[in-house]
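Working through the structure, step by step
One letter stands for each residue in the lines below.
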Amino acid sequence: MIEINLKNVENIYVLDGGFSSQLSRHIGVSPDGDPLWTSRFLQTHSQEIVDTHLDFIRAGSDIISTNTYQASVGAFMKHLGISSDEGLSLMKHAVRLAQQARSEYIDECKSNDLTPRNILIAGSVGPFGASLNDGSEYSGNYIKTISEKHIQNWHKPRLDVLVESGVDLIAFETIPCEKEALVLVNMLKEYPATKGWISFCCKDNMSIAHGEHFSKVVMNCLQANPVQILAVGINCCSPKLVSDLITSLEVDIPIVTYPNSGEKFIPGHGWADDQCQPLHSFVSSWLNTNVKFIGGCCRTYCEDIANIRRQKVFGVSVNKKKNDDKIKRLLIDNDALRTENLSLSFEISKLKKDNGKLKDENFSDYLSLMRERDARYTLYFENLSLHLKLKELDNGMSQPMAIRSDPTILRIALDRCRKQLSSTQSELKSMKEEYAETVPRRDFEHLEGEHQELQTQVQHQLAQYEHLQSTYRKVTAHKNSIEEELMECRERCRELERAGTPRPPWDLCADFIGGGKKRWCQLTEGLSSRDKLRALLKELGPAAESEHLEYFDGLGTDPAVPPYLRYSGRVRNLRLSRREVRVVVNDVWRGRPHHPHLALQDFVTKYFEDRYQQSSVRAEWAYNVCAGAESMLDEPQVRVWWGALHGQLSEQVYWGLRRQWDQLQQHLRRQALDGETITIEEFERVSRSIFPLKSEVDIKNLTDVVKKQLKIKLNCNEINLDKLFYENEEGFDRVELARELFRQRQLGQDKYIREVVAELGGRRAQRNVTVDALKRAFAIVDPAIDHVRMEQYIRWAFSDQSSEISAISPLSLQNIVVRLAAGDIERVGPRSKGVRRNYNKH
């Protein structure tokens, strides 16, 4: 993947325009109204699609989109009549056509001595509503009736193909609703090396097409996947709405926008010019925001992209010059304000100092005046009191002048004044001591200001602390998620380690060849494991020559040879992997119900003849599949198929297991209210009702296998049925639950057969068994068995499917046991409690 740098302000990418509009110039037909839109022409007009990509690249596009907006496997199968594999190939072809256009552009630049631009390819992913062909991608109403799981399954094949084909990023386009947007950004996590953008179809300057608020939807998408989303934005709407939608966002993230030309589409009449401005006239205003990706959608052509390219270059340079000039002016103004602020600070400091001096002087004068006033008041009232007392002593007969001239009275008044003065001085001293630590108002106001400033700093620190706490919680959640993924990876590694083939101890091989260890080291120095094996086989004998490893010898055309292996000559050894063998075996089982009248060997012959027309190729696959199956008999799936192919096992063993699997799935889905999830308790209850003969230990083992398969944690109680019953191309019996059902089925069959053998006298009995004796044993062991099933078991045990059952000859007990063990023998009902024996001794 090519890294996209959005940190530089000037890194603005130009997208392509309306692909259908430009393509119609080359093919002469408009794809509007077609259920496949432009993806229909992937099958018929490959060169025209390449030319359309080249038009946009030459016009100045930095990023081109693949022709997969309305492509899906289901739509290709429905409207083109092709298979699902061919539909996936068409989507891969769309990526190759975009890559071809990029290569041709690079070659053109090299031939003209020009430096080519780095052209990126975006995998176009349109909404689910586009496949409905009813315009619902512009309303999003389909989301009310479609589940998230259905949308995810519909998008996944296309995303898999685009990522595997090597697109540089993914473009989720014209998304009308929040529900589908969240499904898509969460699906992108399945491809951690891939990034992309998501753009919405909006109906006005605040809301997307389905009615959700644009800024809230963007915020939810970024919270769901903040790492892989490069940009968010708007497409397929009027360019007049773009600025309002961008300014409504509350988050700083790169913006992508490629609106329509501004024309309106009128159903039944087509596109109408609504006095719209050219698309490039809006670019300069968009560049002032955080727009990093600019292009066009419907009704835009390569000329519009060329105009956008010119506006991008001009707009960036003009904006840069304006910003530089503005910054210079601001710096000059800032220096002047700083100088003026400094002079004002000095003046304020001087005025504060002078003001403090004046306050101190006025305060001292004030205190002196207050003391003098208090003393005068005290003397006045004391004097008045003395006059009143003298008047009382003289009975009101004394004259004021006499009183003033009497020394005794004056002495008494003086003594009282001295006492009052002493009391006042004591009181003043106590007040000084009491208020000695009182803060002056000026200092108090200064401290109050510092307190307010510290309070503001504390609030700022608290806000930062809350932000750090939120970040810590997010990082912790991400760490826990990564730890769970790490545990799953470790578990997978352990499974791969257990399933991997160990390397043999090559040093032991020196004991089996001439020359000993020294010669063995000379032979194998610097060789791989495969070449060491060839060297060993060559030393052991001529049959191990490389020629014998590369080819099989044909068995000829003798009638005794199975029909699918009849071939003369050498057959190339394809060295099929175990997975390839399992896929072929499962494919044979899937086609088997369509030809029930054919024997399995004849059906396998027909299977290879239908797939491969050339006899040499058909022989190669037949011989290699058989060789691979013979080496994989440790797997129950292959062992059952191989035994049924050679008549050693009954086909019904496979189909019996398949019936159990389907029956369990149907009952569980009926029990689930939403059709998808069920609790573990409900699973156990349904299992007991479907398999009444299973013990509690068997039911517990099934539950444990389900928990292990789905990696269910201890505190989780829900089972996802889609994941539980998911079948890949290797078959349902590769699922751990199916394997546990098969194991329990085999154990139950072995126990059932041991009980029947015990009724026949035990394995040591040296006698032949008749039909009647076997009937009697089945009837005793399994009283609920019906006549039809009993006849099937008996005919299989005696290897006779055509004779009258009463005319079948007796057979030895040993052969009976071997045939029963190779058949689909299963208990119908419980055995009567009155006839219970110990069968382990037999």
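Below: a short report on this structure.

What follows concerns the overall build of the chain. Regarding its fold elements, the chain presents 28 helices and 16 strands. Its C-alpha radius of gyration of 47 Å places the chain more than 25% over the 28 Å reference for a compact globule of 842 residues. Once the C-alpha set of the chain is aligned to its principal axes, its extents read approximately 170 × 85 × 75 Å. Looking at the chain as a whole, 39% of its 842 residues qualify as buried. Across the chain, the fraction of contacts at a sequence separation of at least 24, relative to all contacts at a separation of at least 6, is 69%. A total of about 49,300 Å² of accessible surface is found on the chain, and carbon and sulfur atoms cover 53% of it. For the chain, the separation between the mean place of its 113 positive charges and that of its 117 negative charges on side chains is 4 Å.

Glancing now at the side chain of glutamine 228. Relative to the assigned elements, glutamine 228 resides in the loop between α7 (214-224) and β6 (229-235). Only 2.8 Å separates the side chain of glutamine 228 from the backbone oxygen of tyrosine 191, close enough to count as a polar contact. Among the polar contacts made by the side chain of glutamine 228, one reaches the side chain of asparagine 225 at a distance of 3.2 Å.

What follows concerns the nonpolar core. Judged by nonpolar contacts, the single largest core of 86 residues is most densely connected at Phe76, Ile170, Phe172, Phe200 and Phe214. With 9 residues, the single largest contributor to this core is helix α4 (residues 84-111). Beyond its immediate sequence surroundings of up to four residues, phenylalanine 214 is in contact with Phe200, Cys202, Met206, Ser207, Ile208, Gly233, Ile234, Leu245, Ser248 and Leu249. Membership of the second largest hydrophobic core comes to 58 residues, among which are Val638, Leu664, Phe683 and Val706.

Moving on: helix α6 (residues 178-187). Among the 10 residues that make up α6, 7 are buried, leaving the element largely enclosed by the rest of the structure. For α6, the complete set of buried residues consists of Glu178, Glu180, Ala181, Val183, Leu184, Val185 and Met187. Looking at the buried side of α6, the elements it contacts are α5 (148-165), β4 (169-175), β5 (196-200), α7 and β6.

Turning to the side chain of glutamine 749, a few remarks are in order. On the secondary structure map, glutamine 749 appears in helix α25 (residues 736-759). Residue classification places glutamine 749 among the buried positions, given a relative accessible area of 3%. At 2.9 Å, the side chain of glutamine 749 forms a polar contact with the backbone oxygen of glycine 823.

With that out of the way, let us pick up the packing of helix α22 (residues 680-690) against helix α23 (residues 696-710). Direction vectors running N to C along α22 and α23 enclose 135°, while the axes themselves pass 10 Å from each other. Considering the angle they form, α22 stands oblique to α23. Viewed along their axes, α22 and α23 form a crossing whose handedness is right-handed. Counted together, Ile680, Phe683, Glu684, Ser687 and Arg688 of α22 and Glu696, Ile699, Leu702, Thr703, Val706 and Lys707 of α23 form the full contact between these two elements. Across the contact of α22 with α23, the residue classes tally to 5 nonpolar, 2 polar and 4 charged.

Turning our eyes to something else, we now look at the packing of aromatic side chains. Under the defined criterion, the tally for this structure stands at 20 aromatic pairs. Ring centres of phenylalanine 282 and tryptophan 286 lie 5.8 Å apart, and the angle between their planes is 20°; this geometry places the pair in the stacked category. Among the residues examined, phenylalanine 282 registers a relative accessible area of 12% and is labelled buried. Overall, the relative accessible area of 0% leaves tryptophan 286 in the buried class. Directly above the ring of tyrosine 551 sits arginine 570, whose terminal nitrogen or CZ lies 4.2 Å from the centroid.

Take the environment of alanine 98 next. Mapped onto the elements, alanine 98 comes out in helix α4. Separated by 32 residues in sequence, alanine 98 and threonine 66 place their C-alpha atoms 6.2 Å apart. Leaving out residues up to four positions away in the same chain, alanine 98 has contacts with His53, Ile64, Thr66 and Ile121.

Further remarks concern the sheet that holds strand β10 (residues 291-294). Reading across the sheet, the 8 strands line up as β1-β10-β7-β6-β5-β4-β3-β2 and stay open at both edges, with parallel pairing between neighbours. The open sheet terminates on both sides in strands that have one partner only, identified here as β1 (13-14) and β2 (63-65). Strand contacts of α5: β3 (120-125) and β4, with the helix running at about 170° to β3, the strand carrying the most contacts. The strands touched by α6 within the sheet are β4, β5 and β6, with β4 carrying the most contacts at an inclination of about 175°.

With that settled, the discussion passes to the packing of α23 against α25. The interhelical angle for the contact between α23 and α25, taken along N-to-C directions, is 160°, at an axis separation of 9 Å. Here α23 lies roughly antiparallel to α25, going by the angle between them. Like other packed secondary-structure pairs, α23 and α25 cross with a definite hand, here right-handed. Residues Asp698, Asn701, Leu702, Val705, Val706, Lys708 and Gln709 of α23 touch α25, and the partners they reach there are Glu736, Leu737, Glu740, Leu741, Arg743 and Gln744. Among the residues forming the contact of α23 with α25, the class breakdown is 5 nonpolar, 3 polar and 5 charged.

Thresholds, definitions, all that
- Residues numbered from 1 in each chain as written.
- Predicted model: local features only at pLDDT ≥ 70, side-chain atom pairs only at ≥ 80, totals over all residues.
- Heavy atoms only, no water.
- Helix = DSSP H or I, 4+ residues; strand = E, 2+ residues; numbered from the N terminus.
- Rg over C-alpha atoms; globule rule 2.2 N^0.38 Å.
- Buried < 20%, exposed > 50% of the residue type's maximum accessible area, 1.4 Å probe, protein only.
- Contact = heavy atoms within 4.5 Å.
- Areas by Shrake-Rupley, 256 points an atom, 1.4 Å probe, with all protein chains shown as cover.
- Lys, Arg positive; Asp, Glu negative; His and termini not counted.
- Charge placed at Lys NZ, Arg CZ, Asp CG, Glu CD.
- Polar contact = N/O pair within 3.5 Å; in protein donor to acceptor, adjacent residues only side chain to side chain.
- Core = buried A, V, L, I, M, F, W, Y, C linked by side-chain atoms within 4.5 Å.
- Axes fitted to C-alpha atoms, helices over the stretch in contact; angles between N-to-C directions.
- Parallel < 35°, antiparallel > 145°, perpendicular 65-115°, else oblique.
- Left-handed = near helix turned anticlockwise from the far one by under 90°.
- Nonpolar A, V, L, I, M, F, W, Y, C, P; charged D, E, K, R; others polar.
- Phe/Tyr/Trp six-rings, centres within 6.5 Å; stacked < 30°, edge-to-face > 60°.
- Lys NZ or Arg CZ within 6 Å of the ring centre and 35° of its normal.
- Pairing = 2+ DSSP bridges.

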